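Descriptive structure summary
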Amino acid sequence: MSLKKAGLLQVLLVLFILISSCSKGDDNTVDPDTTPNSKLPTLKLTASTKDAFVNEEVTFKVVDEKGNLVADAKLFVNEQALNTTSFSSKTAASFKVYAQKAGFKISNTVDIRFIEKDDVDAVVTGKWKFIPSSIEAIFEFNNDMSFSYKQGGEEKKGTYKVKGNRVQMTLIEGNSTDEDYGVLNISKFTANLLDVEVIVKDGFKNGKTGQLERIVEVDPGNGDDDDDDDNGNVTINLEMFYGEWRGYEDNSTDYSIKMKFKTDKMEAEAKNMGKYNPILYLVDDLRYYSLHNSSTLLLTGRRTSIVYYFKVASYTNREIVGTLYMDSMIPSNGVKLTLLRK
């Protein structure tokens with residue numbers, strides 16, 4: 001063998017040893033491109049509002065699965081990086097916002113809509129709850145100019161049109177229509193609250209003055225199959241609970257629970273309204289609360305090891321609707337509950 005070939009073989013042998021050593025030394029290094037997405041924690045993004053006027057600031061908050069603030073997460077608006085935690089638009093438009101940070105799954109996407117202040121048609125579009133009302137009344141006005149109205153377990157549907165600050169509703173039932181079915185006279189409005197007079201043949205025939213408050217409902221989630229606990233649920237935060245509430249069971253006009261949430265602890269008081277509900281048996285012992293996941297509050301006792309979960313379905317500033325579970329989130333352990341702010 002020539003000296004030249006022998007030298008070449010030595011060089012190749014050294015390179016082989018070096019490559020093998022590096023490979024063995026890198027066994028504990030995690031390659032983010034090959035790490036299963038299901039093993040990464042998830043970011044949760046919330047917005048101060050999803051409907052705002054042109055030039056109005058919308059602020060964003062990013063937390064981890066335990067509710068801890070993730071201040072250095074990067075926000076993206078329509079795929080463009082945002083260098084602040086707030087955003088506004090000079091024109092009427094809709095935007096999709098999400099958050100991203102290394103070591104986390106991409107957050108849920110939040111849809112933000114900016115509306116012209118004089119565009120009543122656009123402001124009205126959405127789902128609203130009428131307050132005050134002894135019977136729940138929900139109006140939903142869709143982009144295709146159709147509407148639905150639910151009260152007392154019944155639902156009516158039809159079309160609507162907006163003239164000035166007046167919303168005229170036409171009822172459609174089979175082949176018949178009623179063009180004088182209902183009307184909303186709007187005296188004042190923001191992007192999320194309408195001061196109205198409601199005149200509807202079902203429930204408000206003589207007219208009633210109050211407000212329509214926009215309902216914050218289903219969050220679209222991020223579409224990951226391994227995030228079933230949070231997909232299709234609202235995104236909550238602890239601050240929305242601060243204050244004093246009364247809890248009403250389904251179809252009950254008397255409250256069953258009195259709850260007060262503070263910044264450091266919560267207090268609860270079960271109120272016996274003449275019927276025994278085993279789910280609420282130990283609720284008066286509740287003292288502490290934290291986020292269980294993006295849509296569920298975890299409640300624990302002071303003297304006992306009892307655990308409650310409150311899974312939120314929808315909320316406004318004055319009302320939180322959900323299911324209170326004792327011990328575990330299975331249907332037999334739950335009671336539907338509406339919290340109304342005192």
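Presented here is an overview of the structure given in this document. (Residues numbered from 1 in each chain as written. Predicted model: local features only at pLDDT ≥ 70, side-chain atom pairs only at ≥ 80, totals over all residues. Heavy atoms only, no water.)

A few words on the overall build of the chain. Per the secondary structure count, the chain includes two helices and 24 strands. The proportion of buried residues among the 342 residues of the chain is 40%. Considering only contacts within the chain whose residues lie at least 6 apart along the sequence, 44% involve residues at least 24 apart. Counting only carbon and sulfur atoms, one obtains 50% of the accessible surface of the chain, whose full area is about 19400 Å². (Helix = DSSP H or I, 4+ residues; strand = E, 2+ residues; numbered from the N terminus. Buried < 20%, exposed > 50% of the residue type's maximum accessible area, 1.4 Å probe, protein only. Contact = heavy atoms within 4.5 Å. Areas by Shrake-Rupley, 256 points an atom, 1.4 Å probe, with all protein chains shown as cover.)

Our focus in this paragraph is the pattern of salt bridges. Enumeration over the complete set of coordinates arrives at 14 salt bridges. Residue Lys61 is joined to Glu239 by a salt bridge in which the shortest nitrogen-to-oxygen separation is 3.1 Å. A residue pair is termed long-range when its members are at least 10 positions apart, and Lys61 in strand β3 (residues 58-63) and Glu239 in the loop between β16 (204-214) and β17 (243-249) qualify at 178 residues. On the basis of relative accessible area, Lys61 is assigned to the partly exposed category, the value being 28%. (Salt bridge = Lys/Arg side-chain N within 4 Å of Asp/Glu carboxyl O.)

This next bit is on the sheet that holds strand β7 (residues 93-100). Read from one edge to the other, the open sheet built from five strands follows the order β2-β8-β7-β4-β5, with strand pairing classed as mixed. Either end of the sheet is taken by a strand with one partner, and the two such strands are β2 (51-53) and β5 (80-82). When strand polarity is set aside, the average angle formed by the axes of neighbouring strands in this sheet is 35°. In this structure, strand β4 (residues 74-77) lies alongside β7, joined through four bridges in antiparallel fashion. (Pairing = 2+ DSSP bridges. Axes fitted to C-alpha atoms, helices over the stretch in contact; angles between N-to-C directions.)

In this structure, Val110 sits in strand β8 (residues 110-115). With 12 residues separating them along the chain, Val110 and Tyr98 place their C-alpha atoms 6.4 Å apart.

Looking now at the packing of aromatic side chains. One pass over the full model with this rule turns up 13 aromatic pairs. Between Phe87 and Phe114, the aromatic rings sit 5.8 Å apart at their centres with planes inclined by 70°, giving edge-to-face as the arrangement. You can see Phe87 sitting in strand β6 (residues 86-87) and its partner Phe114 sitting in strand β8, a full 27 residues away along the chain. Judged by relative accessible area, which is 15%, Phe87 ranks as buried. For the ring pair Phe139 and Phe141, a centre distance of 6.2 Å and an interplane angle of 5° mean the geometry is stacked. We classify Phe141 as buried; its relative accessible area is 1%. Among the aromatic residues, those joined into a ring-pair cluster are Phe139, Phe141, Tyr149 and Tyr160. Cation over ring: Arg246 sits above Tyr255, and NZ or CZ is 5.1 Å from the ring centre. (Phe/Tyr/Trp six-rings, centres within 6.5 Å; stacked < 30°, edge-to-face > 60°. Lys NZ or Arg CZ within 6 Å of the ring centre and 35° of its normal.)

Time to look at the sheet that holds strand β22 (residues 307-315). Pairing within the open sheet is antiparallel, and its eight strands lie in the order β19-β18-β17-β24-β23-β22-β21-β20. Edge positions in the sheet fall to β19 (266-270) and β20 (286-293), since each of these pairs with one other strand and no more. For this sheet, the mean inter-axis angle between neighbouring strands, taken without regard to orientation, is 30°. Bridge count for β20 against strand β21 (residues 296-301) is six bridges, and the pairing is antiparallel.

By the element assignment, Thr49 lies in the loop between β1 (44-47) and β2. A polar side-chain atom of Thr49 sits 2.9 Å from the main-chain carbonyl oxygen of Asp51. For Thr49, the side chain forms a polar contact with the side chain of Asn192, separated by 3.0 Å. Filtering out sequence-adjacent residues up to four positions away, Thr49 remains in contact with Val58, Ile112 and Asn192. (Polar contact = N/O pair within 3.5 Å; in protein donor to acceptor, adjacent residues only side chain to side chain.)

With that out of the way, let us pick up the side chain of Arg113. Positionally, Arg113 belongs in strand β8. Owing to a relative accessible area of 17%, Arg113 belongs among the buried residues under this scheme. Engagement of the side chain of Arg113 in a polar contact is seen with the backbone oxygen of Thr125, the distance being 3.2 Å. Setting aside its immediate chain neighbours within four residues, Arg113 contacts Lys50, Asp51, Ala52, Ala93, Ser94, Ala122, Val123, Thr125 and Arg214.

Here the focus is the pairing of β19. In summary, the side chains of a regular strand alternate between the two faces of the sheet. Taken together, the five bridges between strand β18 (residues 257-261) and β19 define a ladder with antiparallel strand orientation. Across the sheet, the residue bridging to Lys260 is Glu267, located in β19. The antiparallel hairpin formed by β18 and β19 contains four residues in its connecting segment.

Moving on, we come to unusual backbone geometry. At Glu79, a residue that is not glycine, the phi angle is positive and equals roughly 70°. With respect to the helices and strands, Glu79 occurs in the loop between β4 and β5.

Turning our attention to the pairing of strand β14 (residues 176-189). Across seven bridges, strand β13 (residues 166-173) lies against β14 in antiparallel orientation. Counterpart to Leu171 in the pairing with β14 is Asp178. In sequence, β13 turns back onto β14 through a hairpin of two residues, with Gly174 there showing a positive phi of about 65°. With seven bridges joining them, β14 and strand β15 (residues 193-200) adopt antiparallel strand pairing. Bridged to Val183 within β15 is Ile199. Connecting β14 to the next strand, β15, in antiparallel fashion are three residues.

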